[in-house]
Amino acid sequence: MTNITLITGDGIGPEIAEAARRCVDATGAKIHWEIARAGIDVMQREGTPLPQDTIDSVQKNKIALKAPITTPVGTGFRSINVSLRQMFNLYACLRPCKSYKGVHSKYADIDLIIVRENTEDLYAGIEYQKGKDDTAELIDWLNKHSSRKITPDSGISIKPISVAGTQRIVKFAFEYARRMNRRKVTSVHKANIMKHTDGLWLEVSRDVAKQYPDIEFEDRIIDNMCMQLVQKPEIYDVLVLPNLYGDIISDLCAGLVGGLGVAPGANIGDKGAIFEATHGSAPKYAGQNKVNPCALILSAVLMLEYIGLQAEAQKLEKAVAAVIAEGKYVTYDLKDDRNDPTAVGTSEMADAIIEKIRT
Ligand code: NAD
């Protein structure tokens, strides 16, 4: 029996969490779910969006399946999603982007794995606001030490990329490629312009690649990568990217396979992992039993693979693929016409997936 924390989230979270839990259980995987709360509703009731017992549960079990959580814009609390990633040092964001027959897309046969660094780069949160004293101090220092001048009306974001941070994410990409029998890793960067950050990333990528002679390695400049992904995505396999490029390319690739409804994800560290859909809490659909549960169910497939239950993972993915391909018991977003009255609800789509697992 594996203990797993199920964070039910808010918005559409509880509905898709329940659908995913039922589908995983139907595979016969021996999982004991510990239900944990987080999100905007919990904030209103308990004064914190991330209660200590939820943190304790993830700490203890090391593995969580997490439904989406709202991040209020402007005021309100910090992103729980980002807090959890930082708290448990989940440095690798894994986003498979795969074509499923029956999902509307301009492309077919896409099978890409995006490995995004989750802790460094312009997302490190080291930022200086225009007009503040510390910003002026930093600008003074930079102007003294650089031939390029920064004007006093500037805001500044810092982009740290370290050897250790790059080594661990590139190794993660190669280890994943080896474990999952993938053929190639492409390291993405802008080393021609940012020599001391992306240049370092590229140098370290090349070094790490030497330890994996069985897997092909190449690099691409980010702008060229974008064009090639749109023109010939089939020539790529596993992509490893610094945080910001990884964020953008993940969405580009989700677009290649038909959007958020089928885009799973995982945040993985050395001591644990949180599996979650790429999409958010879609508050306007909350409580309507309407949205597509597949992205969270496919995130649960990644979770089953991660805990070594390969057969159960395959069974679940095959069932999801079959239900989508048949196109009968699917949610509105997977129908040709989004107003198609034959679209089923979240729980009915989960029922159809469970039925497929059992046959
Ligand atoms: P969103 O992904 O929640 O929804 C955007 C639109 O995509 C929805 O209106 C809906 O039309 C569609 N959609 C999303 N999920 C769907 C599904 N499962 N089935 C069918 N259609 C679906 O993005 P948003 O509206 O920008 O964000 C809402 C909230 O979610 C925000 O507070 C945001 O911060 C948060 N968010 C959380 C996470 C997370 O928990 N990891 C990720 C992204 C956004």
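Conventions adopted
All chains use their own residue numbering, which begins from 1 and follows the written sequence. Per-residue local features are limited, in this predicted model, to residues with pLDDT of at least 70; the limit for side-chain atom pairs, both in listing and counting, is 80 or more; totals at the level of whole chains, interfaces and linings are taken over all residues. Calculated side-chain values reflect all of the structure's heavy atoms, with hydrogen atoms and water omitted. Secondary structure elements follow DSSP: runs of H or I of four or more residues count as helices, runs of E of two or more count as strands, with numbering from the N terminus. Radius of gyration here uses only the C-alpha atoms, and the compact-globule reference equals 2.2 Å multiplied by the residue count raised to the power 0.38. Exposure classes here rest on a 1.4 Å probe applied to the protein chains alone. A residue is buried below 20% of its type maximum, exposed above 50%, and partly exposed in between. Two residues form a contact once any of their heavy atoms are found within 4.5 Å. Values of accessible area rely on a 1.4 Å probe in the Shrake-Rupley scheme; residue burial ignores everything except the protein chains shown. The charge count includes Lys and Arg as positive and Asp and Glu as negative, but it does not include His or the ends of the chains. One atom stands in for each charge, and that atom is NZ of Lys, CZ of Arg, CG of Asp or CD of Glu. Boundaries of every domain are those given by an automatic assignment or by a domain database. Aromatic rings from Phe, Tyr and Trp, taking only the six-membered ring of Trp, are treated as a pair when their centres fall within 6.5 Å; an angle between ring planes under 30 degrees marks them as stacked, one over 60 as edge-to-face, and anything in between as tilted. In this analysis an axis means a line fitted to C-alpha atoms, helices contributing only their contacting stretch, and an angle means the value between N-to-C directions, from 0 to 180 degrees. Any angle between 65 and 115 degrees counts as roughly perpendicular, while under 35 counts as roughly parallel, over 145 as roughly antiparallel, and the rest as oblique. Note on convention: the crossing is left-handed when the near helix lies turned anticlockwise from the far helix by less than a right angle, right-handed when the turn is clockwise. Note that Gly is not counted as nonpolar here; it falls among the polar residues with everything else outside the nonpolar set of Ala, Val, Leu, Ile, Met, Phe, Trp, Tyr, Cys and Pro and the charged set of Asp, Glu, Lys and Arg. Buried residues of nine kinds, namely Ala, Val, Leu, Ile, Met, Phe, Trp, Tyr and Cys, make up a nonpolar core once their side-chain atoms join them within 4.5 Å. Summary of the distance rule: residues count as near a molecule or strand when at least one heavy atom falls within 4 Å of that molecule or strand. Polar contacts, as counted here, are pairs of nitrogen or oxygen atoms within 3.5 Å of one another; within protein the pair requires one atom able to donate a hydrogen and one able to accept it, and residues that are adjacent in sequence qualify only if both atoms are side-chain atoms. The arc in question is formed by the directions pointing from the helix axis toward the C-beta atoms. We define a salt bridge as a contact between a side-chain nitrogen of Lys or Arg and a carboxyl oxygen of Asp or Glu at a distance within 4 Å.

A. Seen up close, the overall build of the protein. A count of helices and strands for the protein gives twelve helices and twelve strands. For 359 residues, the compact-globule estimate of 2.2 N^0.38 gives 21 Å, and the C-alpha radius of gyration of the protein, at 21 Å, lies within 12% of that figure. By residue count, 51% of the 359 residues in the protein fall in the buried class. Pairs at least 24 residues apart make up 74% of the contacts formed inside the protein by residues separated by at least 6 positions. Accessible surface computed for the protein: about 16,900 Å², of which carbon and sulfur atoms make up 52%. Here the protein carries 44 positive and 46 negative side-chain charges, and the mean point of each set is 2 Å from the other.

B. Summary view of the domain arrangement of the protein. The assigned domain composition of the protein is domain 1 (1-91 + 263-359), domain 2 (111-120 + 161-256) and domain 3 (125-159). When each unit is reduced to the centre of its C-alpha atoms, the spacing between domain 1 and domain 3 is 41 Å.

C. The packing of aromatic side chains, seen in detail. Applying the stated criterion across every chain, the model contains five aromatic pairs. Measuring from ring centre to ring centre gives 6.1 Å for F174 and F217, while their planes differ by 35°; the resulting arrangement is tilted. Taken together, the positions of F174 in helix α6 (residues 163-179) and F217 in strand β9 (residues 216-221) put the pair 43 residues apart, joining distant regions of the chain. With relative accessibility at 0%, the residue F174 sits in the buried group. F217 sits in the partly exposed class, given a relative accessible area of 23%.

D. Molecular detail of the packing of helix α1 (residues 13-26) against helix α10 (residues 294-306). Here α1 crosses α10 at 45°, and the two axes come no closer than 9 Å. Judged on the interaxial angle alone, α10 and α1 are oblique. Crossing angle aside, the handedness with which α1 passes α10 is right-handed. Contacts from I16, A17, A20, C23 and V24 of α1 reach α10 at L296, I297, A300 and L304. Within the contact of α1 with α10, the residues separate by chemical class into nine nonpolar, no polar and no charged.

E. Examining the nonpolar core more closely. If you look at the biggest cluster of nonpolar residues, it comprises 72 residues, and the most contacted ones within it are L65, V115, L316, I324, M349 and I353. A per-element tally of this core places α10 first, with nine residues. When residues of this core are sorted by domain, at least three fall in each of domain 1 (1-91 + 263-359) and domain 2 (111-120 + 161-256). Setting aside chain neighbours within four positions, we find M349 in contact with N292, P293, C294, V323, I324, Y329, V330, T331, L334 and V344. Within the second largest apolar cluster, 16 residues are counted, among which are Y236, Y245, I249 and C253.

F. Highlighting the site of the ligand. The ligand sits among 20 residues. The nearest are I69, T71, G280, A282 and N292. Note that an oxygen atom of the ligand is positioned 2.7 Å from one of the backbone N or O atoms of G280. In the environment of the ligand, a nitrogen atom lies 3.2 Å from a nitrogen or oxygen atom belonging to the side chain of Y332. Out of a free accessible area of 810 Å², the ligand has 71% covered by protein chains.

G. Geometry of the environment of N81. Within the element layout of this structure, N81 appears in helix α4 (residues 80-87). For the pair N81 and H196, spaced 115 residues apart in sequence, the C-alpha separation works out to 30 Å. Residues contacting N81, with those up to four places away along its chain left out, are K66, I69, T71 and E276. Reaching out from N81, the side chain makes a polar contact with the backbone oxygen of I69 at a distance of 3.5 Å.

H. Highlighting helix α3 (residues 52-61). Buried residues of α3: T54, I55, S57, V58 and N61, and no others. Within α3, the buried residues cover an arc of 160° as seen down the axis, which keeps them to one side. In this fold, the buried residues of α3 make contact with β1 (2-7), β2 (31-36), β3 (63-66), α4 and β12 (273-276). Phi turns positive, to about 70°, at K62, one or two residues after α3.

I. Molecular detail of the pattern of salt bridges. All told, the structure shown has 21 salt bridges when counted by the stated rule. The shortest N-O distance in the salt bridge between K159 and D198 comes to 2.8 Å. Of the two residues, K159 sits in the loop between β7 (156-157) and α6 while D198 sits in helix α7 (residues 198-209), which places them 39 residues apart along the sequence. Judged by its relative accessible area of 15%, K159 is buried. Overall, D198 belongs to the buried group, its relative accessible area being 0%.

J. Focus on the side chain of R182. Position of R182 among the secondary structure elements: in the loop between α6 and β8 (184-189). For R182, the side chain forms a polar contact with the main-chain oxygen of D111, separated by 2.8 Å. Leaving out residues up to four positions away in the same chain, R182 has contacts with D111, L112, I113, A177, I215, D237 and V238.

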